[in-house]
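What the coordinates show
As a plain string of letters, each chain reads:
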Amino acid sequence: MAKLVHSMIRVLDEARSVEFYHRAFGLQVVDRVAFPEFTLIYLNDPETGGFELELTVNIGRTEPYDLGDGYGHLAVVVDDLDAEHERLDAAGLSPRKLVDFRNGEELVGRFFFIADPDGYQIEVIQKGGRFG
């Protein structure tokens, strides 16, 4: 059986991205592998069960990446969505509005989105139900 181990995104500035993911989600650098043309930085936290976010920094790249028009995103689950939204807002990280996601009358989940320094979207979801 396959096991998910990481998701990779390309970033322009290693320090800026590492700082964002640490401040926003408590992720820590667990490995860094430098090559002549690029560097791979692996982030995780104790609750991810080994799943990591891989940041790829292409040496010499100065232009932002074109994220395209496909709507992809990372998602994290938190115990207290309202408190997390307030914390990120107070930290100046500009979380978007809180959303009650419904299917008719049924509440599927509560969430908000926040963008990282390169424009990648992260969905922050209230823990519970299918997002337990």
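Read on for an overview of the structure. (Residues numbered from 1 in each chain as written. Predicted model: local features only at pLDDT ≥ 70, side-chain atom pairs only at ≥ 80, totals over all residues. Heavy atoms only, no water.)

Examining helix α1 (residues 14-25)
Put simply, the rule is: Every helix listed is a DSSP run of H or I at least four residues long, and every strand listed is a run of E at least two residues long, numbered separately from the N terminus. Multiplying one less than the number of residues by 1.5 Å gives the expected span of a helix. Exposure is judged per residue with a 1.4 Å probe applied to protein chains only, and the accessible area is read against the type maximum: over 50% gives exposed, under 20% gives buried, and values in between give partly exposed. It is the directions from the helix axis to the C-beta atoms that the arc portrays. For this analysis, a polar contact is any N or O atom pair within 3.5 Å, provided that within protein one partner can donate a hydrogen and the other can accept it, and provided that sequence-adjacent residues contribute only side-chain to side-chain pairs.
When the terminal C-alpha atoms of α1 are compared, their 16 Å separation across 12 residues agrees well with the 16 Å that a helix rising 1.5 Å per residue should span. The complete set of buried residues in α1 reads S17, F20, Y21, A24 and F25. Axial view of α1: buried residues confined to an arc of 90°, hence all on one face. One side-chain oxygen at the N-terminal end of α1 lies 3.1 Å from the backbone nitrogen of A15; it belongs to D13. Backbone geometry just downstream of α1 places G26 in the positive-phi region, at approximately 70°.

Topic: the packing of aromatic side chains
As a reminder of what qualifies: A pair of Phe, Tyr and Trp rings is counted when the ring centres sit within 6.5 Å of each other, with Trp represented by its six-membered ring. The angle between the planes then sorts it: under 30 degrees is stacked, over 60 is edge-to-face, the rest tilted.
Summed over the entire model, instances satisfying the criterion amount to 6 aromatic pairs. Their ring planes at 70° and their centres at 6.0 Å tell us that F101 and F111 sit as a pair that is edge-to-face. On the criterion of sequence distance, the pair formed by F101 in strand β6 (residues 99-103) and F111 in strand β7 (residues 106-115) is long-range, its members being 10 residues apart. The partly exposed category is assigned to F101, whose relative accessible area is 45%.

Let's talk about the environment of V76
Quick reminder of the rule: The contact rule is simple, with two residues in contact once any of their heavy atoms fall within 4.5 Å.
Mapped onto the fold, V76 is located in strand β5 (residues 74-78). Sequence-wise, V76 and E123 are 47 residues apart; in three dimensions their C-alpha atoms are separated by 6.3 Å. What V76 contacts, discounting residues up to four positions off in sequence, is F25, I122, E123, V124 and I125.

Regarding the side chain of D45
Let me state the cut-off plainly: Think of it this way: Lys and Arg go in the positive column, Asp and Glu in the negative one, and His and the chain ends go nowhere. Between Lys or Arg on one side and Asp or Glu on the other, a salt bridge is scored when a side-chain nitrogen of the former is within 4 Å of a carboxyl oxygen of the latter.
Structurally, the position occupied by D45 is in the loop between β3 (38-44) and β4 (52-58). Buried charge without a partner: D45 forms no salt bridge, and the closest opposite charge is R87, 11 Å away. Residues in contact with D45, not counting those within four places in the same chain, are G26 and L27.

Regarding the sheet that holds β7
How we decide: Strand pairing is defined by DSSP finding a minimum of two bridges between the two strands. Only C-alpha atoms enter the line fits that serve as axes; for helices the fit covers just the stretch in contact. Angles between N-to-C directions range over 0 to 180 degrees.
With respect to topology, 4 strands assemble into an open sheet ordered β5-β8-β7-β6, the strand pairing being mixed. The sheet is open, and its two edges are formed by β5 and β6, each paired on a single side. Taking the axes of each pair of neighbouring strands and ignoring which way they run, one obtains an average angle of 35° across the sheet. Direction of pairing for β7 relative to strand β8 (residues 121-126): antiparallel, over a ladder of 5 bridges. Across the sheet, residue F111 finds its bridge partner in β8, namely I125. Together, β5, β7 and β8 form the strand contacts of α1, whose direction differs from that of β8 by roughly 10°.

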